[in-house]
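Okay, here's what each chain looks like letter by letter:
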Amino acid sequence: MNAVLDDLDAYLQAFGYTLALFVISGLLSLVLGTVLVAMRVGPVAVLRAAATTYVTTVRNTPLVIVFAFFAFFAPIINIRFTWLDVHIGRFDFTELFGAAVASLSLYTCTFVCEALRAGVNAVPLGQAEAARAIGLPFGGVMTNVVLPQAFRAALPPLASVQIALIKNTSVAAVFGVAEAVAQMRTFTNSFASQRLGIFIAFAIGYIVLVEVVSFAAARAERRWRIA
Amino acid sequence: MTLAAEGATSAATGEPLVVLDHVDKWFGDLHVLRDINLTVNRGEVVVVIGPSGSGKSTLCRAINRLETIDKGSISLDGEPLPQEGKELANLRAEVGMVFQSFNLFAHKTILENVTLGPIKVRKQDKAQAETEARALLDRVGVGHQAAKYPAQLSGGQQQRVAIARALAMHPKVMLFDEPTSALDPEMISEVLDVMVDLAKGGMTMIVVTHEMGFARTAADRVVFMADGAVAEENTPDEFFTNPRSDRAKDFLGKILRH
């Protein structure tokens, strides 16, 4: 534990990367998941089939393989993140970070889609019928009536998906992003005798992040309950 | 009173507004609509009655294409019902629909329920839409509930809000799909009162209902359906006192006995 306390800066910076991966991928996964679910429940057969295929394929692929795709295969077909070169304070967001965000959000959005689809199914059919009956087109029915209610119903599973995402950011360590698990490995390599303490210190870091998300989800659930 | 007189004359002279021409529909093997021919004129109030499963609700829902039909055609104001898409949405804006289970938007306030269509579909200014919505809510007697959510209102109040929501779109015709069937008995009359007012005001209405009292007082015409077909069509007086078909006699015998 002392190893971590002596170099708290490195510890905090590493969790800074974890947090950045989570926030950016989390937001992207929510947006992409919403688009996917609109395609999946929509009236256009081609889009429905495309979204279903995407979800079944990517959701059933281990995250490490999705990462490997962006690290090794994507550059071959000219998908690169070399354009990403942002430096904020002590944090550098470059190619590897971009590939990690792409992997995490494209993977997590399939779970977001399915959580939202459960939410959409929980909205009574009459709500969509009433929205259609006043002349709203499909997009209007979804954005004004179905999705707001679906999000409420899907909040608990959505929170679980986002919590899983926090922990999944650790896979980025394998692909060169200096986030928490990468830093933990650096610590354990240098201070092998303090392994247990170092593990506990990093576990606490994750627990704190997850608790923040759980707390926010619980508050949102309470706030939106009545409506 | 003038409104009522106007409504009565237009019912007598009104041109066809809703026309169903040889309409057929199947649910799998079940033939739910059998060769329906029905014309509803502008300003006319048509009440559709019949036993459960006779296809009355399906008929009502087919008119704004919440149910598709397999054969025949339906037209509104001379225009055939469009296929899916923007044009269908535009048509639905012209047709008010009131459901058995109210279907108020659960996450929106009463006022927002009424203004959603005018703002999003008619692109009306928000302030103007709200003024109009409040006037409509006052008219149906729930003006003081505008800030509440649907779940906080009684069934009768919710259904009156649903009527206001449909009226806010200034529809050419109003469809009522068993509007009082989900209501407690003491709340039925408050909804029927609003509907009778509408009928007197000259609104074109197609009402699927079991309320024979409403049919007698407000309808220009009664359409009796059995087994997916129109079995009999007549004025309310003629129909209730002197039904011609055996199915209608049987049906009336069962419901008017008490």
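The sections below set out a description of the structure shown in this document.

Calculation rules
- Residues numbered from 1 in each chain as written.
- Chains lettered and ligands numbered in written order.
- Predicted model: local features only at pLDDT ≥ 70, side-chain atom pairs only at ≥ 80, totals over all residues.
- Heavy atoms only, no water.
- Helix = DSSP H or I, 4+ residues; strand = E, 2+ residues; numbered from the N terminus.
- Buried < 20%, exposed > 50% of the residue type's maximum accessible area, 1.4 Å probe, protein only.
- Phe/Tyr/Trp six-rings, centres within 6.5 Å; stacked < 30°, edge-to-face > 60°.
- Pairing = 2+ DSSP bridges.
- Axes fitted to C-alpha atoms, helices over the stretch in contact; angles between N-to-C directions.
- Contact = heavy atoms within 4.5 Å.
- Buried area = accessible area lost by both parts, 1.4 Å probe.
- Salt bridge = Lys/Arg side-chain N within 4 Å of Asp/Glu carboxyl O.
- Polar contact = N/O pair within 3.5 Å; in protein donor to acceptor, adjacent residues only side chain to side chain.
- Nonpolar A, V, L, I, M, F, W, Y, C, P; charged D, E, K, R; others polar.
- Core = buried A, V, L, I, M, F, W, Y, C linked by side-chain atoms within 4.5 Å.
- Patch = residues over 30% accessible without salt bridge, like charges linked within 9 Å, V, L, I, M, F, W, Y side chains within 5 Å.
- Areas by Shrake-Rupley, 256 points an atom, 1.4 Å probe, with all protein chains shown as cover.
- Lys, Arg positive; Asp, Glu negative; His and termini not counted.
- Charge placed at Lys NZ, Arg CZ, Asp CG, Glu CD.

### Quick look at the overall build of chain A
- Looking only at helices and strands, one finds nine helices and two strands in chain A.
- In sequence order, chain A lays out its α and β elements as α-α-α-α-β-β-α-α-α-α-α.
- Taken along its principal axes, the extent of the C-alpha atoms in chain A is 70 × 45 × 30 Å.
- Burial statistics for chain A: of 227 residues in total, 47% are counted as buried.

### What to know about the packing of aromatic side chains
Residue and element names in this part refer to chain A.
- Scanning the model with the defined rule gives 19 aromatic pairs over all chains in all.
- Summarising the aromatic geometry, the rings of Phe 15 and Phe 202 are spaced 5.7 Å apart at their centres and angled 25° between planes, so their arrangement reads as stacked. Within this pair, whereas Phe 15 is found in helix α2 (residues 8–41), its partner Phe 202 is found in helix α9 (residues 195–224), the two being separated by 187 residues in sequence.
- With a relative accessible area of 1%, Phe 202 lands in the buried category.
- Note on Phe 67 and Phe 175: the rings are 5.3 Å apart at their centroids and 15° apart in plane angle, and the pair reads as stacked.

### Structural notes on the sheet that holds strand β8 (residues 204–208) of chain B
All names here are of chain B.
- Strands sit in the order β6-β7-β8-β3-β9-β10 across an open sheet of six strands; the sheet is mixed. One side of each edge strand has no neighbouring strand; the edge strands of this open sheet are β6 (95–98) and β10 (229–234). Averaged over all neighbouring strand pairs, the angle between strand axes comes to 20°, with direction disregarded.
- Sheet analysis places strand β9 (residues 221–226) next to β10, joined by five bridges and oriented antiparallel. Pairing of Val 223 across the sheet is with Glu 233, part of β10.
- Its contacts with the sheet place helix α2 (residues 56–63) against β3 (45–49), β6, β7 (173–177), β8 and β9, and it is angled at close to 150° to β7.

### Focus: the interface of chain A and chain B
- Facing 17 residues of chain A, the contacting portion of chain B comprises 23 residues.
- Surface buried jointly by chain A and chain B totals about 1800 Å² across both partners, of which 62% is contributed by carbon and sulfur atoms.
- At the boundary of chain A and chain B, one finds one salt bridge.
- Of the charged contacts in the structure, one is a salt bridge between Glu 129 of chain A and Arg 61 of chain B, with a shortest N-O distance of 2.5 Å.
- Seen at the junction of chain A and chain B, the total is six residue pairs in polar contact (both at pLDDT 80 or more).
- Contributions of two or more residues to the side of chain A that touches chain B are made by α6 (125–133) and α7 (138–168) of chain A.
- In terms of residue count, α6 of chain A provides more of the side of chain A that touches chain B than any other element does, seven residues in total.
- Broken down by class, the residue content of the side of chain A that touches chain B amounts to nine nonpolar, five polar and three charged.

### A word on the sheet that holds strand β1 (residues 16–27) of chain B
- Judged by pairing direction, the sheet is antiparallel, and its four strands sit side by side in the order β2-β1-β4-β5 (chain B) without closing on themselves. Every interior strand has two partners, whereas the edge strands, β2 (30–41) and β5 (79–80) of chain B, have only one.

### Considerations on the nonpolar core
- Grouped together as the largest cluster of nonpolar side chains are 60 residues, with contacts concentrated most on Val 18 and Leu 20 of chain B.
- Considering every element that reaches this core, the biggest residue donor is α7 of chain A, with nine residues.
- Not counting residues up to four positions away in its chain, the partners in contact with Leu 20 of chain B are Ile 36, Asn 37, Leu 38, Leu 59, Ile 63, Ser 73 and Ile 74 of chain B.
- With 51 residues, the next largest nonpolar core counts Ala 133, Ala 166, Leu 183 and Leu 192 of chain B among its residues.

### Comments concerning a positive patch on the surface
Residues and elements named next belong to chain A.
- There is a patch of like positive charges on the surface, built from Arg 219, Arg 222, Arg 223 and Arg 225.
- Note that Arg 225 resides in the segment after α9.
- For Arg 225, a relative accessible area of 59% translates into the label exposed.

### Some details on the environment of His 87 of chain A
All names here are of chain A.
- Tracing the chain through its elements places His 87 in strand β1 (residues 86–88).
- Taking C-alpha positions, His 87 is 20 Å from Leu 27, a pair spaced 60 residues apart along the chain.
- If we skip the residues at most four places from it in the chain, His 87 touches Asp 92 and Thr 94.
- Within the local environment of His 87, its side chain forms a polar contact with the side chain of Asp 85, the two groups lying 2.8 Å apart.

### As for unusual backbone geometry
Residue and element names in this part refer to chain B.
- In this structure, His 22 is a non-glycine residue whose phi angle is positive, near 45°.
- On the secondary structure map, His 22 appears in strand β1.
- The phi torsion at Asp 35 lies on the positive side, around 45°, for a residue other than glycine.
- By the element assignment, Asp 35 lies in strand β2.
- What makes Asp 35 partly exposed here is its relative accessible area of 41%.

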